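Structural characterization, general
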Amino acid sequence: MAAVGLAVAAIPEGLPAILTITLAIGVQQMAQRRAIVRRLPAVETLGSVTVICSDKTGTLTRNEMTVQRVATATATFEVSGAGYEPSGAFTLDGAEPDAAARRALEDIARAALLCNDATVRRGEDGGWVMTGDPTEGALVTLALKAGLDEDFEREAWPRVDVIPFESEHRFMATLNHDHEGHGAVFLKGAPERVLELCADER
């Protein structure tokens, strides 16, 4: 009885009311920010978090991604720049790529641009704005860094058909034709899935 009496006495009389008011204020603030919690365990889990890890590209904080390397069968290119602003350079072993390497980069950049549903445009404030999936936006920015013009490429190689990305097949593919009747299939997806579909490498 003494232990129960001490436990009850240790809790202030107004504590339940204070907790209720504090939680109500928190819910109001979350509602103002358009956050709705459907399951209480989600809040309990968030409240127990002590460490939040984020990668350097800011995916978790700014919802942005950036391509930093481009790998071919024979070389790996480093890509400078961050965010969706198409300013950056390609280097191969610390030097500027030669003409043959640039052609390979342009082919990869064209596939990344045309097998893509995202767009990157300059906003009204002068910054660059991406519309679509962050991963696809990073690939469009890569193409712009490679010197390709988004509008020109999409007009020169109009899309005829598409296999949209789905988790079952783990790739996206588009069929494009130029104005001379030549066709090309551009494909992107999980590396192991894409390599399964390749007959050779260049």
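What comes next is a walk through the structure.

Looking now at a nonpolar patch on the surface. Side chains of Ile-11, Leu-15 and Leu-19 sit close together on the surface and give an oily, nonpolar patch of about 260 Å² of accessible area. Looking at the element boundaries, Ile-11 is found in the loop between α1 (2–10) and α2 (15–32). Given a relative accessible area of 48%, Ile-11 falls into the partly exposed group.

What follows concerns the sheet that holds strand β8 (residues 183–189). Reading across the sheet, the three strands line up as β6-β7-β8 and stay open at both edges, with antiparallel pairing between neighbours. Two strands bound the open sheet, and with one partner strand each, they are β6 (159–163) and β8. Taking the axes of each pair of neighbouring strands and ignoring which way they run, one obtains an average angle of 15° across the sheet. Relative to strand β7 (residues 171–177), β6 is paired through four bridges, and the arrangement is antiparallel. Counted as the bridge partner of Ile-163 is Ala-173 from β7. The sheet strands contacting helix α5 (residues 99–114) are β6, β7 and β8, and the helix crosses β8 at an angle near 80°.

According to the stated counting rule, one finds one cavity of 30 Å³ or more in the structure shown. Of the pockets and cavities examined, the largest cavity occupies roughly 40 Å³. A total of four residues in the lining of the largest cavity trace back to one element, the largest contributor, which is helix α6 (residues 134–145). Residues that form the lining of the largest cavity fall into these classes: five nonpolar, three polar and one charged.

This part covers unusual backbone geometry. Negative phi characterises most residues that are not glycine, and trans characterises most peptide bonds. The phi torsion at Asp-93 lies on the positive side, around 55°, for a residue other than glycine. Relative to the assigned elements, Asp-93 resides in the loop between β3 (90–91) and α5. Not every positive phi belongs to a glycine, and Arg-170 is a case in point at roughly 60°. Secondary-structure assignment places Arg-170 in the loop between β6 and β7.

Under the definition given, this model contains one aromatic pair. Taking the centre distance of 6.2 Å and the plane angle of 85° together, the rings of Trp-157 and Phe-186 count as edge-to-face. Here Trp-157, found in the loop between α7 (150–156) and β6, pairs with Phe-186, found in strand β8; they are 29 residues apart in sequence, far enough to count as distant. With respect to class, Trp-157 is no different from Phe-186; both count as buried.

On to the nonpolar core. Ranked by size, the top nonpolar core spans 23 residues in total, and within it Val-67, Val-70, Phe-77, Phe-90, Val-120, Val-140 and Leu-142 carry the most contacts. Looking at this core, the elements that each hand over two or more residues are β2 (76–79), α5 and α6. Examining the composition of this core, we find that six residues originate from one element, α6, more than from any other. Beyond its immediate sequence surroundings of up to four residues, Val-120 is in contact with Tyr-84, Trp-128, Val-129, Met-130, Gly-137, Val-140, Thr-141, Leu-144 and Glu-150. Listed in part, the eight residues of the second largest apolar core include Leu-114, Trp-157, Ala-184 and Phe-186.

Conventions and cut-offs
Residues numbered from 1 in each chain as written. Predicted model: local features only at pLDDT ≥ 70, side-chain atom pairs only at ≥ 80, totals over all residues. Heavy atoms only, no water. Patch = residues over 30% accessible without salt bridge, like charges linked within 9 Å, V, L, I, M, F, W, Y side chains within 5 Å. Areas by Shrake-Rupley, 256 points an atom, 1.4 Å probe, with all protein chains shown as cover. Salt bridge = Lys/Arg side-chain N within 4 Å of Asp/Glu carboxyl O. Helix = DSSP H or I, 4+ residues; strand = E, 2+ residues; numbered from the N terminus. Buried < 20%, exposed > 50% of the residue type's maximum accessible area, 1.4 Å probe, protein only. Pairing = 2+ DSSP bridges. Axes fitted to C-alpha atoms, helices over the stretch in contact; angles between N-to-C directions. Contact = heavy atoms within 4.5 Å. 1 Å grid on protein atoms, 1.4 Å probe; cavity = no way out; pocket = protein on both sides within 12 Å on 5 of 7 lines; lining within 4 Å. Points joined across faces, edges and corners; volume = space filled by probe spheres on them. Nonpolar A, V, L, I, M, F, W, Y, C, P; charged D, E, K, R; others polar. Phe/Tyr/Trp six-rings, centres within 6.5 Å; stacked < 30°, edge-to-face > 60°. Core = buried A, V, L, I, M, F, W, Y, C linked by side-chain atoms within 4.5 Å.

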